[in-house]
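Listed below, chain by chain, are the residues.
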Amino acid sequence: MGLRNQHITKETQYQYVNWPVVYFVAFLHSVAVIGIFQMFQCNWKTLLFNLIFLEYVQLGTMAGVHRLWSHRSYKASMPLQIFLAVAQTAARQNPIYTWVRDHRVHHKYVDTDADPHDARRGFFFTHLGWAFMPRLPQVIEKGEKIDLSDMRSNPVVMFQKRYYDIAAPLLAFFFAPFITWYFFAESAMASFTVGMFRHLLSVHFTFFVNSVAHSYGYRPIDTTISSSNSMFVTVCTMGEGFHNYHHVFPQDYRSNEYGLAICFTTYFIELMEKLGLAWDLRTVSKETVLARRRRTGDLKTNDVGNQTNDDCIEKEDEILPY
Ligand code: ZN
Ligand code: ZN
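Worth saying up front: this structure is predicted, and the values here are computed from it rather than measured.

To continue, consider the layout of surface pockets. By volume, the largest pocket amounts to about 950 Å³. Tallying contributions element by element places helix 9 (residues 188-211) first for the lining of the largest pocket, with 8 residues. Across the lining of the largest pocket, the residue classes break down as 19 nonpolar, 13 polar and 5 charged. Size it by volume and the second largest pocket reaches roughly 260 Å³. Taken together, 15 residues make up the lining of the second largest pocket; nearest its centre are L68, R72, Y74, K75 and A76. At the level of elements, helix 2 (44-70), strand 1 (75-76) and helix 7 (149-152) are the ones that each hand at least two residues to the lining of the second largest pocket. For the lining of the second largest pocket, the domains that each give at least three residues are domain 1 (1-215) and domain 2 (220-322).

With distances of 2.0 to 2.2 Å, the protein atoms coordinating the zinc ion (ligand 1) are H106 (NE2), H214 (NE2), H243 (NE2) and H247 (NE2). Taken together, the 4 donor atoms coordinating the zinc ion (ligand 1) and their angles of 95 to 157 degrees define a geometry best described as irregular. In the primary structure, the donors to the zinc ion (ligand 1) are separated according to the pattern H-x107-H-x28-H-x3-H. A residue pair is termed long-range when its members are at least 10 positions apart, and H214 in the loop between helix 9 and helix 10 (231-236) and H243 in helix 11 (residues 243-248) qualify at 29 residues.

Once that is clear, we can look at the side chain of D150. Within the secondary structure, D150 sits in helix 7. Judged by relative accessible area, D150 falls into the buried class, the value being 18%. Within polar-contact distance, the side chain of D150 engages the side chain of R104 at 2.8 Å. Aside from chain neighbours lying at most four places away, what touches D150 is W69, R72 and R104.

We now examine empty space enclosed by the protein. Per the stated rule, a full pass over the model turns up 4 cavities of 30 Å³ or more. The residue inventory of the lining of the largest cavity, partitioned by class, reads 7 nonpolar, 1 polar and 5 charged.

A word on the side chain of Q88. On the secondary structure map, Q88 appears in helix 3 (residues 78-91). Overall, the relative accessible area of 0% leaves Q88 in the buried class. Among the polar contacts made by the side chain of Q88, one reaches the side chain of Q160 at a distance of 2.6 Å. With residues up to four places along the chain from it excluded, the contact list for Q88 reads G60, V65, Q93, N94, P95, I96, W99 and Q160.

All right, on to the domain arrangement of the chain then. As a measure of interface size, the accessible area lost when the parts come together is often cited. What the domain assignment lists for the chain is domain 1 (1-215) and domain 2 (220-322). Each of domain 1 and domain 2 has a C-alpha centre, and these two points are 24 Å apart. The interface of domain 1 with domain 2 comprises 30 residues on the first partner and 33 residues on the second. Interface of domain 1 and domain 2: buried area, both sides summed, is about 2,700 Å²; carbon and sulfur atoms make up 65% of it. Inspection of the region where domain 1 meets domain 2 yields 2 salt bridges. Applying the counting criterion to the domain 1 and domain 2 interface returns 23 residue pairs in polar contact (both at pLDDT 80 or more). For the side of domain 1 that touches domain 2, the leading source of residues is helix 2, giving 7 residues. Residue composition of the side of domain 1 that touches domain 2, by class: 15 nonpolar, 10 polar and 5 charged.

This paragraph deals with helix 8 (residues 155-183). At 3.6 residues per turn, the α-helix brings residues three or four places apart onto the same side. Taking 1.5 Å as the rise per residue, helix 8 with 29 residues should run 42 Å; its terminal C-alpha atoms sit only 33 Å apart, a clear shortfall. Its maximal kink placed at Y164, helix 8 deviates by approximately 75 degrees. The complete set of buried residues in helix 8 reads V156, V157, Q160, Y164, A168, L171, A172, F173, A176, P177, I179 and T180. Against the buried residues of helix 8 lie helix 1 (19-38), helix 2, helix 3, helix 4 (96-108), helix 7 and helix 9.

Moving on: the packing of aromatic side chains. Taken as a whole and assessed by the stated rule, the structure comprises 22 aromatic pairs. Judged by centre distance (6.3 Å) and plane angle (50 degrees), the rings of F49 and F175 are tilted. Residue F49 is located in helix 2, and its partner F175 is located in helix 8; the two are separated by 126 residues in the primary sequence. Residues F159 and Y163 carry aromatic rings whose centres are separated by 4.8 Å and whose planes lie at 50 degrees to one another, so their mutual orientation is tilted. Separated by 4 residues within a single helix, F159 and Y163 lie in helix 8, roughly one turn from each other.

Rules used throughout
Residues numbered from 1 in each chain as written. Chains lettered and ligands numbered in written order. Predicted model: local features only at pLDDT ≥ 70, side-chain atom pairs only at ≥ 80, totals over all residues. Heavy atoms only, no water. 1 Å grid on protein atoms, 1.4 Å probe; cavity = no way out; pocket = protein on both sides within 12 Å on 5 of 7 lines; lining within 4 Å. Points joined across faces, edges and corners; volume = space filled by probe spheres on them. Helix = DSSP H or I, 4+ residues; strand = E, 2+ residues; numbered from the N terminus. Nonpolar A, V, L, I, M, F, W, Y, C, P; charged D, E, K, R; others polar. Domains from an automatic or database assignment. Donors = N, O, S within 2.8 Å, 3.2 Å for Na, K, Ca; no water. Tetrahedral: all angles 85-135°; square planar, octahedral: opposite > 155°, others 65-115°. Buried < 20%, exposed > 50% of the residue type's maximum accessible area, 1.4 Å probe, protein only. Polar contact = N/O pair within 3.5 Å; in protein donor to acceptor, adjacent residues only side chain to side chain. Contact = heavy atoms within 4.5 Å. Buried area = accessible area lost by both parts, 1.4 Å probe. Salt bridge = Lys/Arg side-chain N within 4 Å of Asp/Glu carboxyl O. Expected span 1.5 Å × (residues − 1). Bend = angle between axes of the 7 residues up to and from the residue. Phe/Tyr/Trp six-rings, centres within 6.5 Å; stacked < 30°, edge-to-face > 60°.

In structure tokens, the structure reads:
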């Protein structure tokens, strides 16, 4: 199995670009650009519905396939899993099973040839380029060795995998446009194009974690890895931008070292715990975080990028909420 794509290397990979996919993605973006203009003419209910749907879909990625399924940072009841699996399907970023495999490989082999979106290969490759090309043999080989037994024994994950090819385009492209056209009397043109803009926004927001949060920002916890803390990505993704921290402590359900109000995903998981739908939320003690930071981190820059000195670091120690 590991022999597949054996003839493909980093140098020759560009000769095998999947052009139909490139044209399709270009077409989707053209429709989304029309949607930006249509947003100024459509009714407020269309905008509000798309905004709520965008946040719901984001939860499927951030609270669902990332923090729950990829990193098992908390446990979720069946109703919550179904709620998140539907949202993740609407994100149309591969089935949960595939996403988890790729993400675990990304964490384990970050900044190597086996990383599906290796940050050493530039911004465009990490953001979108990797999706246009066949995978390197190293990526396939490591992906086949990653333990996915928890995914295979999860009925929600396996059910979604079976129906993903039909369900994902329906939910990503047609569900919201149908609602706004049928219930809010929005024009078919505005419904579809604004819906496409919303869909691509959620895709790019997620991909910013691979591109922006592996290129720009600060590395307070570990300066030796490409992943970085980026406030821009934090705002776009409801709290996934503390990516330097996340790569060091992926098991932390908060995915950041601060309890910032913009980390909506963290509050969502805590709300689910209060409702009895989530439990076993895993964290990392602030002593462990600080010890690691002193060992491998950048002590001169704090998490929002301000220059600090040793006094400030002691104060930061005090404001760490957990
Ligand atoms: Zn990463
Ligand atoms: Zn992760």
